[in-house]
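# Examination of the molecular architecture
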Amino acid sequence: MSRLKVFLDTNVLVDFLHQREPFFERARLLMTVGRLGELDLWMSASQVTDLVFILSDGGKASLMDEVLRQLRGLRTFVRVCPVDSSAIDQMLATTWADPEDALLFDLALSVRADALVTRNRRDFESDLIKVTDCDGLFAWLRDDFEIDYETTCLEAEKEKAEPR
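Here is a short report on the structure shown in this document. (Residues numbered from 1 in each chain as written. Predicted model: local features only at pLDDT ≥ 70, side-chain atom pairs only at ≥ 80, totals over all residues. Heavy atoms only, no water.)

## Quick word on the sheet that holds strand S5 (residues 130-132)
Applicable threshold: In this description, strands pair whenever DSSP reports at least two bridges between them. Runs of H or I in DSSP of at least four residues are treated as helices and runs of E of at least two as strands, each being numbered from the N terminus. To define axes, lines are fitted to C-alpha atoms, for helices over the stretch in contact only, and angles between the resulting N-to-C directions are given on a 0 to 180 degree scale. The contact criterion used throughout is that any non-hydrogen atoms of two residues lie within 4.5 Å.
Strand order in the open sheet formed by 5 strands is S3-S2-S1-S4-S5, with parallel pairing between adjacent strands. Two strands lie at the open edges of the sheet, namely strand S3 (78-81) and S5, each paired on one side alone. Pairs of neighbouring strands in the sheet enclose a mean axial angle of 30 degrees, with direction left out of account. The strands that helix H2 (residues 24-35) touches are strand S1 (4-8), strand S2 (39-44) and strand S4 (115-117); relative to S2, the one it contacts most, it runs at about 115 degrees.

## As for the packing of helix H1 (residues 10-17) against helix H4 (residues 61-74)
Let me state the cut-off plainly: For classification, angles of less than 35 degrees are called roughly parallel, those exceeding 145 degrees roughly antiparallel, those between 65 and 115 degrees roughly perpendicular, and all remaining angles oblique. Two helices cross in a left-handed way if the nearer one is turned anticlockwise from the farther one by less than a right angle. They cross in a right-handed way if the turn is clockwise.
Orientation of H1 relative to H4, taken along the N-to-C sense of each, is 115 degrees, at an axis distance of 12 Å. Considering their axes alone, H1 and H4 lie roughly perpendicular with respect to each other. Here H1 runs over H4; the crossing is right-handed. On H4, the residues touching Leu13, Phe16 and Leu17 of H1 are Gln70, Leu71 and Leu74.

## Some thoughts on the packing of aromatic side chains
Centre-to-centre distance and the angle between the planes together describe a pair of aromatic rings. Definition in use: Stacked, edge-to-face and tilted labels apply to pairs of Phe, Tyr and Trp rings (six-membered ring for Trp) whose centres lie within 6.5 Å, assigned for plane angles under 30 degrees, over 60, and everything in between, in that order. Classification of residues uses two cut-offs on accessible area relative to the type maximum, computed with a 1.4 Å probe and protein chains only: under 20% is buried, over 50% is exposed, and between them is partly exposed.
Enumeration according to the criterion identifies 4 aromatic pairs in this entry. Ring geometry for tryptophan 96 and phenylalanine 124: centres 6.2 Å apart, planes at 70 degrees, overall edge-to-face. Residue tryptophan 96 is located in the loop between helix H5 (85-92) and helix H6 (99-110), and its partner phenylalanine 124 is located in the loop between S4 and S5; the two are separated by 28 residues in the primary sequence. On the basis of relative accessible area, phenylalanine 124 is assigned to the buried category, the value being 0%. Measuring from centroid to centroid gives 5.2 Å for tryptophan 140 and phenylalanine 145, while their planes differ by 85 degrees, and the two rings are edge-to-face.

## Focus: H4
Selection criterion: An expected span of 1.5 Å times one less than the residue number is assigned to each helix. Throughout, the arc means the angular range of directions from the helix axis out to the C-beta atoms.
For H4, with 14 residues, the first-to-last C-alpha span of 20 Å sits near the 20 Å given by 1.5 Å per residue. Residues of H4 that are buried include every one of Met64, Val67, Gln70, Leu71 and Leu74, and no others. Along H4, the residues classed as buried sweep out an arc of 135 degrees about the axis, all on the same side. Exposed residues lying more than 90 degrees from the buried face of H4 are Ser62, Asp65 and Arg72. Buried residues belonging to H4 abut H1, H2, S2, helix H3 (45-55) and S3.

Next comes the structure, spelled out in structure tokens:
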């Protein structure tokens, strides 16, 4: 099986980078699996600038070094999909209630993502791509592909914590 491509919604990225509870542990597991090269994780170029703004609390200079450090780390295992003028034009013509969601959905399709992971599944209802949250993604991987990252990662963390 080739690696599955997973497009990440901004809320999942913020959950991970801001360690936002109660969502952080699931987002961290997803990022760990991506960092290990088991999944191809994707985000858009527009999300990078959104994350700079969100994580720096509106652009506070005192937070910027840490935000950029976090994003450089994220970029070591998350691929960035470019946003070109045709993607913007398509977004501007959308009938979706949230044009940003429409843009992310279209970009997920453009990279041929197997799934889009979000906490707002209703915002992306479609039969064209699997839309799920972190829990749903891990259940799908377990049920359809017989890959249980939850158990494997929990066992690895347990072994790591035990004294030798």
